[in-house]
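Secondary and tertiary structure notes
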Amino acid sequence: MSTNSIKKLLQSVVTYGASDLHLVSRSEPQLRLDGTLKPINLPKLTGADIEEMCYSLLTEKQKLAFEEQGELDFAIELEGIGRFRANFYRTLGDMAAAFRVIPIEIPSLDDLGAPEVYKKLIKREKGLILVTGPTGSGKSTTLAAMLNEVNLTEAKHIVTVEDPVEFVHQNKKSVFSHRGIGDDSASFATALKYAMRQDPDIILVGEMRDKVTISAALTAAETGHLVFGTLHTNSAPGTINRIIDVFGGDEQPQVRAMLSSSLVAVIAQALLPKIGGGRVAASEILVTNHAIANLIREDKVHQIYSSMQLGQGDSGMRTQTQALVSFVKSGLIDRHTALQYANKPDELSSLI
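This structure is a prediction, so every number in the text was calculated from the model and none was measured.

Thresholds, definitions, all that
Residues numbered from 1 in each chain as written. Predicted model: local features only at pLDDT ≥ 70, side-chain atom pairs only at ≥ 80, totals over all residues. Heavy atoms only, no water. Core = buried A, V, L, I, M, F, W, Y, C linked by side-chain atoms within 4.5 Å. Buried < 20%, exposed > 50% of the residue type's maximum accessible area, 1.4 Å probe, protein only. Helix = DSSP H or I, 4+ residues; strand = E, 2+ residues; numbered from the N terminus. Contact = heavy atoms within 4.5 Å. Phe/Tyr/Trp six-rings, centres within 6.5 Å; stacked < 30°, edge-to-face > 60°. Lys NZ or Arg CZ within 6 Å of the ring centre and 35° of its normal. Salt bridge = Lys/Arg side-chain N within 4 Å of Asp/Glu carboxyl O. 1 Å grid on protein atoms, 1.4 Å probe; cavity = no way out; pocket = protein on both sides within 12 Å on 5 of 7 lines; lining within 4 Å. Points joined across faces, edges and corners; volume = space filled by probe spheres on them. Nonpolar A, V, L, I, M, F, W, Y, C, P; charged D, E, K, R; others polar. Pairing = 2+ DSSP bridges. Axes fitted to C-alpha atoms, helices over the stretch in contact; angles between N-to-C directions.

**Side note on the nonpolar core**
Ile240, Leu259, Leu286 and Ile304 are the most contacted members of the largest nonpolar core, which has 37 residues in total. Broken down by element, this core gets its largest block of residues, five residues, from helix α8 (residues 211-222). Ignoring anything within four residues of it in the chain, the contact list for Leu259 reads Leu128, Leu218, Ile240, Ile243, Ile244 and Ile296.

See below:
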């Protein structure tokens, strides 16, 4: 009974085209549709209901891990339904769960309507490309589409390090080694250390969450690998500051020097509700050129934004404000939505 009911709920996520399912005690099951939570017309759940349903998805090892830590991240594929990233946690002593849909069919950059510059960026032989944004902003999907483009066009060895593994790529022209933290390696730092001995061309770091991981990613980018990573930052200059700030004052000049020579691009994105339904990714795109590399090296990150506004040419660089203005003018999103998501609402309102 319990396995069937959780499978029915997860099937409903796919059927309705929702992104997430939330199971929290004292509430009906909730779906996230186009960014908004909507209750499913079912009785309110108890902690025992959730435990009965969700435990049916776990291995013995996972049950032990959850009982010890009160948290569990994993990915699961259900035949005939789909693939999901799951997080189990406790709230006021009761079990709760959040499920995120991971498309089994990996979208292409064209499917996403991604800017043309993304196809140029993935042709780079080495360096660091960061896709950033808040939780639920489509970072994993953008990265999966970029790696899919590589897979269709280049013969590369691609090592992904994730917690848990989300998109599973079928080997086409490239070969993928997917490594899940906990299952395939002890930590991001360990996996990255050994990735260097696995003859990778491209390394995907699921989350650059600490100093050791960021150091390893920078070193890999400097030593002839193309490294993709994610951070929870909402602007391109803010991303550079976040990386530098992870390090102590005495280490920062060296980190700035490494970043200035290895950073290829930062894509800071947010998913916005479109007029008429669905969502669209508004992305701020920083592409490192000689001037921006100098600003990073000389500790003048605060000047990068104005450099992005001016120095675009055919680089594909743009600020978030410029992306939002174009969406409002083309009727994709309304003015209220643009202002709600804007990093610089004053600048935006003067332009629309």
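**Section: the packing of aromatic side chains**
Per the counting criterion, the structure on display carries four aromatic pairs. Plain terms: the ring middles of Tyr55 and Phe66 are 6.4 Å apart, the flat faces sit at 75° to each other, and that makes the pair edge-to-face. You can see Tyr55 sitting in helix α2 (residues 47-55) and its partner Phe66 sitting in helix α3 (residues 60-69), a full eleven residues away along the chain. Neither residue differs from the other here; Tyr55 and Phe66 are each classed as buried. Considering the side-chain rings of Phe88 and Phe99, the 5.8 Å spacing of their centres and the 75° angle between planes classify their relative orientation as edge-to-face. Separated by eleven residues along the polypeptide, Phe88 in strand β5 (residues 82-91) and Phe99 in strand β6 (residues 94-102) bring together distant segments of the chain. Judged by relative accessible area, which is 0%, Phe88 ranks as buried. Ring-pair connections join several aromatic residues into one group, and the members of that group are Tyr55, Phe66, Phe74, Phe88 and Phe99. Above the ring of Tyr305, the side-chain terminus of Lys344 is found at 4.6 Å from the ring centroid.

**Some points on unusual backbone geometry**
Residue Pro164 is reached from Asp163 by a cis peptide bond, and omega for that bond is -5°. Within the secondary structure layout, Pro164 lies in the loop between β8 (157-162) and β9 (175-180). The phi dihedral of Asp34 is positive, around 50°, even though this residue is not glycine. Relative to the helices and strands, Asp34 is located in the loop between β2 (30-33) and β3 (36-39). Residue classification places Asp34 among the partly exposed residues on the basis of a relative accessible area of 37%. Of note, the phi angle at Asp299 is positive, near 60°, even though the residue is not glycine. Among the secondary structure elements, Asp299 is positioned in the loop between α11 (290-297) and α12 (304-310).

**A word on the pattern of salt bridges**
Across all of its chains, the model carries 14 salt bridges by this definition. For Arg26, the salt bridge goes to Asp94, with nearest N and O atoms at 3.4 Å. Linking Arg26 in the loop between β1 (20-23) and β2 with Asp94 in strand β6, this pair joins segments that are 68 residues apart in sequence. Classification of Arg26 as partly exposed rests on a relative accessible area of 47%. The shortest N-O distance in the salt bridge between Glu60 and Lys63 comes to 3.3 Å. On the criterion of helical spacing, the pair formed by Glu60 and Lys63 is a turn pair, its members being three residues apart in helix α3. Take Glu60: its relative accessible area is 57%, and that puts it in the exposed class. A cluster of three or more residues bridged by salt bridges with shared partners is formed by Asp163, Glu207 and Arg209.

**A few points about the layout of surface pockets**
Looking at the second largest pocket, its volume works out to about 490 Å³. Elements with a minimum of two residues in the lining of the second largest pocket: α3 and β4 (71-78). Residue contributions to the lining of the second largest pocket peak at five residues, all from β4. Per-class residue counts for the lining of the second largest pocket are seven nonpolar, five polar and seven charged.

**What about the sheet that holds strand β13 (residues 279-287)?**
Strand order across the open sheet formed by seven strands is β9-β8-β10-β11-β7-β12-β13, with mixed pairing between neighbours. Sheet topology places β9 and β13 at the edges, where each strand pairs with a single neighbour. Recorded for the sheet is a direction-independent mean angle of 15° between the axes of neighbouring strands. As paired elements, β8 and strand β10 (residues 202-205) share four bridges and run parallel to each other. For Val161, the partnering residue across the bridge sits in β10 and is Val205. The strands that helix α6 (residues 139-153) touches are β7 (127-132), β8, β9, β10, β11 (226-231) and β12 (263-273); relative to β11, the one it contacts most, it runs at about 165°.

**Looking at the sheet that holds β1**
Reading across from one edge, β3-β2-β1-β6-β5-β4 is the order of the six strands in this open sheet, with antiparallel pairing throughout. Edge positions in the sheet fall to β3 and β4, since each of these pairs with one other strand and no more. Adjacent strand axes in the sheet meet at a mean angle of 25°, parallel and antiparallel pairs treated alike. Here β2 pairs with β3 via four bridges, running antiparallel. Across the sheet, the residue bridging to Arg32 is Leu37, located in β3. Of the strands in this sheet, β1, β5 and β6 are in contact with α2, which crosses β6 at around 45°.

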